[in-house]
Amino acid sequence: MLANDIYIGIDGGGTKSRVRIEDAAGHLLGQAVGGPANIRLSVEGSWKAIHQILVDALNPLGISLNDKTYRFHAGLGLAGCEVTEAFQTFINIPHPFTTLKAVSDAHVACQGAHGGGDGAIIIVGTGVVGYQIEAGKDVKIGGWGFPHDDEGGGAWLGMEATRLAFQWLDHRTEKSPLVEDIFDFFKNDLDYFVSWANRANSSEFARLAPLVINHSQREEIAAVRLMKKAAQAVDKIGQGLHKLQAGENDLPCCLFGGIAPFLESWLSQSLRSRLVARKADASQGALFMIRQHVSAYAK
């Protein structure tokens, strides 16, 4: 028989959302994946995405969010929490949960990575962000958005490769297999390339990152140079997190994201010596968080 208390962990990311549902004893009841929940872009859209993945996960169990037999305790990690107005609007919307705690998606990713304990993470995907939890205090470095920040991520790699291609096309730099492949990506059509570059967002620039990665693995000079520069940017994130540690012992750090595995060999020895494998994902991190919150409140 299901326990009265149901714990919900939600990782509401910028591209997709994931929910994990457990009973009071920690047994997995259901999981689901759905649309994005970036409250910076749409508070209403985020709530709709979250509601839908909850329905998708609960329906097979024969449970409704309106069922008063259960107490729903929800921990949410949401993209866009740095926008205070959006965050306040989100948490003030009526909801079906007995307990609700909402934080950034980076926070729950960090909690998941270290099994609810202290530690740091650096996520290198389309963008780049560093996050650290130590003795109940959290620190965020980077992740301010593209193109003004997020150096070293997939969007930045794509933009830098685009820059090199344009410089080659008007004879400001030498030809390389990388820039030839970039131009070929746009069917060697300069008008198409220029039009795309002037309207492309971070996701579109990130589509070019695999070309940089592939050429770097063939040890092509221009691509390797970009990857090394990206690794240096990630190193700076690691250095910043380390400087803000309160304790004397180095905190473990988890490195993940789509670009991360391809940069690791170029990172500094200082950062690589602190890297550990992550223990759990962000939805499980959200569960660690809400269980801690409910336990503290019960006391």
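Here, the structure is the one placed above.
Everything numeric here is computed off the predicted structure, so don't read it as measured data.

Visitor: Give a description of the pattern of salt bridges that names residues and reports values.
Guide: Considering all chains together, one arrives at eight salt bridges under this definition. Here E22 makes a salt bridge to R20, at a shortest N to O gap of 3.0 Å. There is no split in this pair, since E22 and R20 are both buried. In this structure, E204 and R199 form a salt bridge, with 3.4 Å as the shortest nitrogen-oxygen distance. For E204, a relative accessible area of 22% gives the class partly exposed. For R199, a relative accessible area of 49% translates into the label partly exposed. One continuous salt-bridge network, built from bridges that share partners, spans R20, E22 and R291.

Visitor: Residues and numbers for the layout of surface pockets, please.
Guide: Size it by volume and the largest pocket reaches roughly 1600 Å³. If you go around the largest pocket, you meet 43 residues; those closest to its centre are G13, G14, T15, A79 and D105. Secondary-structure elements contributing two or more residues to the lining of the largest pocket are β5 (99-104), α3 (105-113), β7 (128-134), α7 (202-206) and α12 (282-298). A class-by-class count of the residues in the lining of the largest pocket yields 17 nonpolar, 16 polar and ten charged. Residue assignment for the lining of the second largest pocket shows that the elements contributing at least two residues are α4 (154-169) and α9 (221-243). When residues in the lining of the second largest pocket are grouped by element, the largest group, four residues, is from α9. Residues that form the lining of the second largest pocket fall into these classes: five nonpolar, two polar and four charged.

Visitor: Describe the nonpolar core, listing the residues and the values that go with them.
Guide: By size, the foremost hydrophobic cluster in this structure holds 44 residues, and its most contacted members are I122, V124, L157 and I182. Examining the composition of this core, we find that nine residues originate from one element, α9, more than from any other. In contact with I122, not counting residues within four places along its chain, are V128, V129, G130, V234, I237, G238, L241, C253, C254, L255, F256 and L271. Counting residues in each nonpolar core, the second largest holds 29 residues, with I10, A32, L65 and L76 among its members.

Visitor: Would you mind going over the side chain of S17 in detail, with residue names and values included?
Guide: Within the secondary structure layout, S17 lies in strand β2 (residues 17-23). In this structure the side chain of S17 is engaged in a polar contact, spanning 2.7 Å, whose partner is the backbone oxygen of G35. S17 has contacts with D11, G12, A32, V33, G34, G35, P36, A37 and I53, leaving out every residue within four places of it along the chain.

How each quantity is defined
Residues numbered from 1 in each chain as written. Predicted model: local features only at pLDDT ≥ 70, side-chain atom pairs only at ≥ 80, totals over all residues. Heavy atoms only, no water. Salt bridge = Lys/Arg side-chain N within 4 Å of Asp/Glu carboxyl O. Buried < 20%, exposed > 50% of the residue type's maximum accessible area, 1.4 Å probe, protein only. 1 Å grid on protein atoms, 1.4 Å probe; cavity = no way out; pocket = protein on both sides within 12 Å on 5 of 7 lines; lining within 4 Å. Points joined across faces, edges and corners; volume = space filled by probe spheres on them. Helix = DSSP H or I, 4+ residues; strand = E, 2+ residues; numbered from the N terminus. Nonpolar A, V, L, I, M, F, W, Y, C, P; charged D, E, K, R; others polar. Core = buried A, V, L, I, M, F, W, Y, C linked by side-chain atoms within 4.5 Å. Contact = heavy atoms within 4.5 Å. Polar contact = N/O pair within 3.5 Å; in protein donor to acceptor, adjacent residues only side chain to side chain.

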